[in-house]
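The lines below spell out each chain.
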Amino acid sequence: MDDFLSKPYRLAQLQAILARWLPAAQSVNAAEAAPAVQQEIPASAPAINLDVLEALRELDPDGGMGLACEIMRTFLASAPQRVDHIEQAIATGDSESLGQAAHALKSSSANVGAELLSGLYKQLELMGRERRIDDARSLLDVVRKEHQRAVSDMQTLLTEAG
């Protein structure tokens, strides 16, 4: 098999790829399951894309929010340490550590539907790879604010889910 799915992916996307490689799994129309081209996310976008959480509900064996809540809790538990790594890397001019920490947060924030935040971490990752610490330093306040906005929304969603 020679295919991949970028995270976060939807159940329909997974089914489409499996349908291509497993002849018996022809139930999903690949054209319907193809990922849409993502447009630039405006600053007024919600901190959490609820469609991503709905996709996690589809993957949950019980069809509930258990999986989504578990992923959000994991993000909330692990993100502070990674954010600290980003801040330390910027403070010390360690572009390699910046790139690594931003990469991890880029992926995990996308998994919880924090798409704008994921895009900001993607920028920091690139800045780390290109050794642009000054640019990363100037972006840090925006990242902090968006991170807090996403965390606040996740906490609200977890409270509502019970």
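Residues numbered from 1 in each chain as written. Predicted model: local features only at pLDDT ≥ 70, side-chain atom pairs only at ≥ 80, totals over all residues. Heavy atoms only, no water.

> Quick question: what am I supposed to make of the overall build of the protein chain here?
Across its full length, the protein chain holds seven helices and zero strands. Starting at the N terminus and ending at the C terminus, the protein chain contains elements arranged as α-α-α-α-α-α-α. Sorting the 162 residues of the protein chain into buried and exposed places 36% on the buried side. For the protein chain, the proportion of contacts with a sequence separation of at least 24, taken over those separated by at least 6, is 59%. Carbon and sulfur atoms provide 52% of the accessible area of the protein chain, an area that totals close to 9800 Å². (Helix = DSSP H or I, 4+ residues; strand = E, 2+ residues; numbered from the N terminus. Buried < 20%, exposed > 50% of the residue type's maximum accessible area, 1.4 Å probe, protein only. Contact = heavy atoms within 4.5 Å. Areas by Shrake-Rupley, 256 points an atom, 1.4 Å probe, with all protein chains shown as cover.)

> Is there a simple way to think about helix α7 (residues 133-161) in this case?
One turn of an α-helix holds 3.6 residues; hence residues three or four places apart share an orientation. Its 29 residues place the ends of α7 40 Å apart at the C-alpha level, agreeing with the 42 Å of an ideal helix rising 1.5 Å per residue. Its axis deflected by about 40° at L139, α7 carries its strongest bend there. Listed as buried for α7 are I133, A136, L139, L140, V143, E146, H147, A150, V151, M154, L157 and L158. At its buried positions, α7 is contacted by α3 (50-59), α4 (66-92), α5 (95-111) and α6 (115-129). Phi turns positive, to about 85°, at G162, one or two residues after α7. (Expected span 1.5 Å × (residues − 1). Bend = angle between axes of the 7 residues up to and from the residue.)

> I would appreciate a short explanation of the nonpolar core in the present structure.
Counting residues in hydrophobic clusters, the biggest one holds 34 residues, and the most contacted among them are I48, M72, F75, I86, L98, Y121 and L124. Going through the elements one at a time, α3, α4, α5, α6 and α7 are the ones with two or more residues in this core. For this core, the element with the most residues is α7, which contributes 10 residues. For F75, the contacting residues outside a window of four places in its chain are P80, L105, S108, S109, V112, L117, H147, V151 and M154. (Core = buried A, V, L, I, M, F, W, Y, C linked by side-chain atoms within 4.5 Å.)

> Whenever I open this one, the pattern of salt bridges confuses me. Can you help?
Should their charged atoms come close, side chains of opposite charge can pair. By the definition in use, this model includes nine salt bridges. A salt bridge links D135 to R132, with the shortest nitrogen-to-oxygen separation between them at 2.8 Å. Here D134 and R137 are joined by a salt bridge, their closest N and O atoms 2.7 Å apart. Of this pair, D134 and R137 both sit in helix α7, three residues apart, which is roughly one turn of that helix. Owing to a relative accessible area of 58%, D134 belongs among the exposed residues under this scheme. Residue R137 is classed as partly exposed on the basis of its relative accessible area, which comes to 40%. Each of E87, D141 and R144 takes part in a single network of salt bridges with overlapping partners. (Salt bridge = Lys/Arg side-chain N within 4 Å of Asp/Glu carboxyl O.)

> For this particular structure, what's the right way to read the side chain of S95?
In this fold, S95 is placed in helix α5. Residue classification places S95 among the buried positions, given a relative accessible area of 5%. Those residues within four positions of S95 in sequence are excluded, and the remaining contacts are G128, R131 and I133.

> Can you help me understand α3 in this one?
The set of residues buried in α3 consists of V52, L53, A55 and L56. Considered in projection along α3, the buried side chains sweep an arc of 155° and stay on one side of the axis. Tucked inside the fold, the buried residues of α3 contact α4, α5, α6 and α7. Its side-chain oxygen placed 2.8 Å from the backbone nitrogen of D51, N49 serves as the N-cap of α3. (Arc of directions from axis to C-beta. Polar contact = N/O pair within 3.5 Å; in protein donor to acceptor, adjacent residues only side chain to side chain.)

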